[in-house]
Structure formats: structure tokens, C-alpha cells
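What the coordinates show
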Amino acid sequence: MRLWFLLLLIACLPTLILSEDYSDVTVIVRGSETIAATSDEFICATVDWWPPEKCNYDQCPWGKASVLNMDLTHPLLAKAIQAFSPLRIRVGGSLQDQVVYGTPNLGSPCRPFTKASSGLFGFSHGCITMERWDAMNDLFVNTGAVITFGLNALQGRKQIRKGVWGGAWNSSNAQEFMEYTVSMNYPIDSWEFGNELSGSGIGASVGAEQYGKDMVELQNIVNQLYGNSWKPLVLAPGGFYDRQWFAQLLDVSGPNVLQGMTHHIYNLGAGNDPRVANRILDPQYLNKVSDTFRDLQLTIQRHGPWSAPWVGEAGGAYNSGSRTVSNTFLNSFWYLDQLGQSAKYDTKVYCRQTLIGGNYGLLDTDTFVPNPDYYSALLWHRLMGNGVLSIDLGGSSYLRAYAHCGKQKGGVALLLINLSRNMGSMVSVRNDLNVGLAQGQGITRDSSLVRGIKRTVSWVGSKASDGMQKREEYHLTAQDGNPLARTMLLNGAPLELTEDGDIPPLYPVQVSVSSPIYVAPLSIAFVVFPDFEADACQQ
């Protein structure tokens, strides 16, 4: 009997190599209501300020990838952004709070960053000219990007002791920059205030009470500049989560000022940590970050229900990422898993560090060619809708599963991530409407794979009674079976740019819903069920 199943799977998925060993996994999707919701531009990527002289661990991986020196006319850059239609881009990073804006009243020459031992992170203040800002907006407008811009929140403050800055924010330069932006009709979706100044800060910190007062001033500026028209969101603090600090910020700023709480995550450790690869494949380690998502969600509910959680920056490994892992297929296991976890806790936006730059760019810093995570992000953006569904999962702890309403074709989209190096997963997907179990009693695993597959015939309800319904599968594997490969395979075919430099089409394989899903060891699968009966996804 087992041979018959293997032959069936080979016929359906000829490009996948099946392992001899697999575990049976049952996924029960609860489609009656959503447990959270993401924004339409949940997938986001950052553009940073780091100059070429930014170095870590005897390497300098930034090249010309910053706001100030990136080749904005590179054809691959525009095509990579346009493929998302749209992609949210967050402009910001560590040097954000040392950026001044080259407006007419700046009063000093507008110069780029230079090495300076006395400056934060070893760099001087830097300046962006309005000509450069115009050029960036040409790219943004032409590609349809949705822009979040991070403002300098240290302007006017003084260092009162090591790492701690005090005094009120001087908003004059930022306000002139915002006035120019409005006068040019540049469509900024959101203004973010500061970068990593919350809690104990990274390099510098500001107290939550003063920060909250400054947030009110920023909101007043936005109200003044945009009048009765549509207004951009105001976001903060763009730092690492600190419960007490974040709660106080909401309390001080008050209702309807801070509309998105942005926090940063680098939970894999330093870029030169040899444990990064193992942590990515450790389900218990990956689970730890859910505590942060859960705690932030509760803090917002208790202190500022008008706000919402955002991941403003996440690169996995900090200090420019891991040069051996962050730009490889293996990194997608961490990335997609964290997208799934964050969405369950009502995260509206998740900004990946970076679009380009460092070792963790979605695009290669030198060639602008997409790295594997680019395609993972694109598939999520195209397939996983806003509504997040609850699931029950029974089987291997190495099989991760996340369910959303389908984005384009209705029904349900499922993300399956197999962290196991040597054990495949045979996944049976069921609708909780057809499961004779009381709510919350968990999963009764089938003792026979035959019974499991018989039940999958009716998992979508009456729509699949004729057995002709199909699902779409997108299986992601590494080239040559090497998890550290720079090339990702989709259903066995390499994902590479076309001869014209276009993003390749992302075609699924069509499979009967009456068969189980085989997820190979160290592989990822997006599965779309267009006919899944989920009431929450039909509203």
C-alpha cells in the first residue's frame, strides 16, 4: 500500500525527491473566524543608511546599497520592486538619528557620512540632498512602492550621560523636510520617529516620557501639513521591545497619536555566531520569539488599543547578517516561520532588513539579483491573504504550519515548513467543520494512513464531493540539496531571472485535493486550496 502512495506522489510532484522515511501529520484548519489580520502590505523591506565603510567581522558587505549611494536606475532594482505590486519600503536604520535634511534653511553644507570616532556607531552626521530625495521618489512612484520614512529623533537633544540623551526634540529640520515632501506630492504612507532609542537603546536612548511628548509634536506637524486630507500614519519607536518603556510611551502620547508600534527583532544572534544555522532549524528556539509578539500585543491592548504592532526591522542575525547563511536557501526557514508567527499576533507589517545591503538583503548587494528569500517574500505576498486562521497540528514537531485566507483566489492558503534534515512529512489537511471533535480537544491522529486519505476527500465539504477539485502547490527546495545554496528551486526548477532580467513566473503544480501533501526534508511548501469552505474568508 505504501508503494502505491509513493507512486501517486511521484506522479503528482515529479520534481521532488521523496525520502524513505516520513511522518504522518494532520493539519486541521479552523475557518469559521480569523484570529488576526495583516495589512495589504504586510511584506516590507528596508533601505538603510550604512555607507561602504560599515564593517563587521573583518568584512564590509554594504558596498553601494545605502539611501545615499544606491544605483536607483539599476533595471533589476525597479523590476524587483514592481513584482510585488506593491512592496512596502521602510527607509531607516542605525544612522537614521544622525541624518539631517538638505533643505534651504539647513545652515550648513550637505555632506555624506564619514568615519568619526566621536559619532554614534563611528560615523559623523550625514545629509541627504533634496535632489537625492527627488531621485528616490522617482523610483518609488514609478514602481508603486509604499513608503515608510524614519525621521531623526535625536535632533536637538544632548547626551546627559553615556548612552542617555535628554532634552526636547528640535523638529525644525524634519518639519522643513516634510513640508518639501508634501509640496512635491510624494506619497509617504507613514512617518516613523527614531531608530532603536527605546529602553536601554542601541548606542543612544531617550526616556519614554520625553519621547511621548515629542510624538504628540510630530502628530501635530502631520495634522498641520496634511490638513483635512488623508494623513500618513505616525509610527514609533523602531526599537527593541521593552514592556515598561513601550507602555509608558502609549500612556504619555495618548489616544490616536501612535498608530503603529514598530519593534526590531534579531533573534538568531550575531552575524559571526556559528550557531545561526542550527538555530534556524530548531523548533524550540524559533518558538521563543512568540513571547515577544504576544507580550507586545497585550501591551497595546491594555495601553493603546488605537495602535497596532509592526515589525519595523528584522534581519535574523545582527551586524549585517551572516555571510554564510543570510543570503542562502536555509535562511527562508527562519524568515517564513517568523512571518507566520508574527501574523498570528496581529502584526500588521513585517519589514525585512534589507531590500539590498549587508548579507541579509533580499537582493544581492553587488548584482541586484534576487537571493532565495526574495522569492519566499514574493510567494507570501501573492498567496497569503490578510485573514489569519487558527489551526490544530498533530505530528512531527519539525513541521511548521500557518494558514491564512487565500489572497487572490479565495479559499485558504497554507504554509508548510519542514525543518527536519532527514524526515519527510505526509500532511493530511482537514476542515474543522468535518472533524467530530469538540472545540479545543486537539487532534486525534489516524492510526492508518489509508483512513487519513479517505477523510481528505471530504475535507472541503460538498464542493469536493466529485473528487475533481484541485489545489495548487509551490514546493521550495535548495539547488543540489545544499541548504546553503544561493539558488532556490520551485517545484524542481531553478528560480532565476529571465534573459531580459525579469522576475520569473512562479507557477504551481495542480494536485487533486484527495491526495495528501508530501513535504520533503528541509523544504517549504505553499499550498492554496481555492475551494476550501472557510466562512471567515468569504466576508
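Thresholds, definitions, all that
- Residues numbered from 1 in each chain as written.
- Predicted model: local features only at pLDDT ≥ 70, side-chain atom pairs only at ≥ 80, totals over all residues.
- Heavy atoms only, no water.
- Helix = DSSP H or I, 4+ residues; strand = E, 2+ residues; numbered from the N terminus.
- Buried < 20%, exposed > 50% of the residue type's maximum accessible area, 1.4 Å probe, protein only.
- Contact = heavy atoms within 4.5 Å.
- Areas by Shrake-Rupley, 256 points an atom, 1.4 Å probe, with all protein chains shown as cover.
- Axes fitted to C-alpha atoms, helices over the stretch in contact; angles between N-to-C directions.
- Parallel < 35°, antiparallel > 145°, perpendicular 65-115°, else oblique.
- Left-handed = near helix turned anticlockwise from the far one by under 90°.
- Nonpolar A, V, L, I, M, F, W, Y, C, P; charged D, E, K, R; others polar.
- pLDDT = per-residue confidence, 0-100.
- Expected span 1.5 Å × (residues − 1).
- Phe/Tyr/Trp six-rings, centres within 6.5 Å; stacked < 30°, edge-to-face > 60°.
- 1 Å grid on protein atoms, 1.4 Å probe; cavity = no way out; pocket = protein on both sides within 12 Å on 5 of 7 lines; lining within 4 Å.
- Points joined across faces, edges and corners; volume = space filled by probe spheres on them.
- Pairing = 2+ DSSP bridges.
- Core = buried A, V, L, I, M, F, W, Y, C linked by side-chain atoms within 4.5 Å.
- Arc of directions from axis to C-beta.

1. So, the overall build of the protein
When you go through the protein residue by residue, the secondary structure sums to 12 helices and 26 strands. Scored against the burial criterion, the 539 residues of the protein give a buried share of 61%. A separation of at least 24 residues holds for 77% of the contacts in the protein among residues at least 6 apart in sequence. Of the roughly 20800 Å² that the protein leaves accessible, carbon and sulfur atoms contribute 49%.

2. Focus on the packing of helix α2 (residues 75–82) against helix α3 (residues 130–143)
Orientation of α2 relative to α3, taken along the N-to-C sense of each, is 45°, at an axis distance of 9 Å. On the basis of their axis angle, the class for α2 and α3 is oblique. In the packing of α2 onto α3, the handedness of the crossing is right-handed. For the pair formed by α2 and α3, the contact residues are Leu-77, Ala-78, Ile-81 and Gln-82 on the first element and Leu-139, Asn-142 and Thr-143 on the second. Grouping the constituent residues of the contact of α2 with α3 by class yields four nonpolar, three polar and no charged.

3. With respect to the confidence of the model for the protein
Looking at the protein, pLDDT values average 91 and 90% of them are 70 or higher. Contacts of residues 1–19 to residues separated by more than four positions or lying in other chains number 33 contacts, the stretch itself having pLDDT below 50. Contacts of residues 437–466 to residues separated by more than four positions or lying in other chains number 58 contacts, the stretch itself having pLDDT below 50.

4. Quick look at helix α10 (residues 331–344)
For α10, with 14 residues, the first-to-last C-alpha span of 21 Å sits near the 20 Å given by 1.5 Å per residue. Where burial is concerned, most of α10 is hidden: 13 out of the 14 residues are buried. Following α10 by one or two positions, Asp-346 adopts a phi angle in the positive range, close to 70°.

5. So, the packing of aromatic side chains
Going through the model one piece at a time under the given rule, you end up with 27 aromatic pairs. Measuring from ring centre to ring centre gives 6.5 Å for Phe-42 and Tyr-350, while their planes differ by 50°; the resulting arrangement is tilted. Placement of the pair is Phe-42 in the loop between β1 (22–37) and β2 (43–47) and Tyr-350 in strand β16 (residues 349–352), with a sequence separation of 308 residues. Residue classification places Phe-42 among the buried residues on the basis of a relative accessible area of 3%. With a relative accessible area of 0%, Tyr-350 lands in the buried category. Note on Trp-133 and Phe-177: the rings are 5.1 Å apart at their centroids and 45° apart in plane angle, and the pair reads as tilted.

6. Considerations on empty space enclosed by the protein
Evaluation of the coordinates by the stated rule reveals five cavities of 30 Å³ or more. In this structure, the second largest cavity encloses a volume near 60 Å³. Thr-38, Ser-39, Asp-40, Phe-42, Ile-43, Trp-380, His-381, Met-384, Gly-385, Asn-386 and Lys-407 are the residues that line the second largest cavity. Among the elements that take part in the lining of the second largest cavity, strand β17 (residues 384–394) stands out by supplying three residues, more than any other. Of the residues that constitute the lining of the second largest cavity, the class distribution is four nonpolar, five polar and two charged.

7. Observations concerning the sheet that holds β2
Read once around its circumference, the closed barrel built from eight strands follows the order β2-β3-β6-β9-β11-β12-β14-β16, with strand pairing classed as parallel. The average undirected angle you get between the axes of adjacent strands in this sheet is 25°. Sitting on the sheet, α10 is in contact with β2, β12 (260–265), β14 (309–314) and β16, with an inclination near 160° to β16.

8. Observations concerning the nonpolar core
One finds Ile-89, Trp-133, Tyr-211, Phe-333, Tyr-374 and Phe-526 to be the most contacted residues of the largest nonpolar core, which totals 127 residues. Non-local contacts of Phe-333, meaning those with residues more than four positions away in its chain, are made with Ile-280, Leu-281, Ile-417, Asn-418, Leu-419, Leu-522, Ser-523 and Ile-524. Grouped together as the second largest cluster of nonpolar side chains are 22 residues, Leu-389, Ala-401, Ala-525 and Val-527 included.

9. What about α2?
Burial in α2 covers these residues: Leu-76, Leu-77, Ala-80 and Ile-81. Each buried residue of α2 sits inside an arc of 130° when the element is viewed along its axis, so together they form one side. The secondary structure elements touched by the buried residues of α2 are β3 (88–91), α3 and α11 (372–383).

10. A few points about the environment of Pro-505
Among the secondary structure elements, Pro-505 is positioned in the loop between β23 (493–494) and β24 (509–512). Looking at Pro-505, the relative accessible area reads 44%, which means it is partly exposed. Put simply, Pro-505 and Leu-495 are 10 residues apart on the chain and 8.8 Å apart in space, counted from C-alpha to C-alpha.

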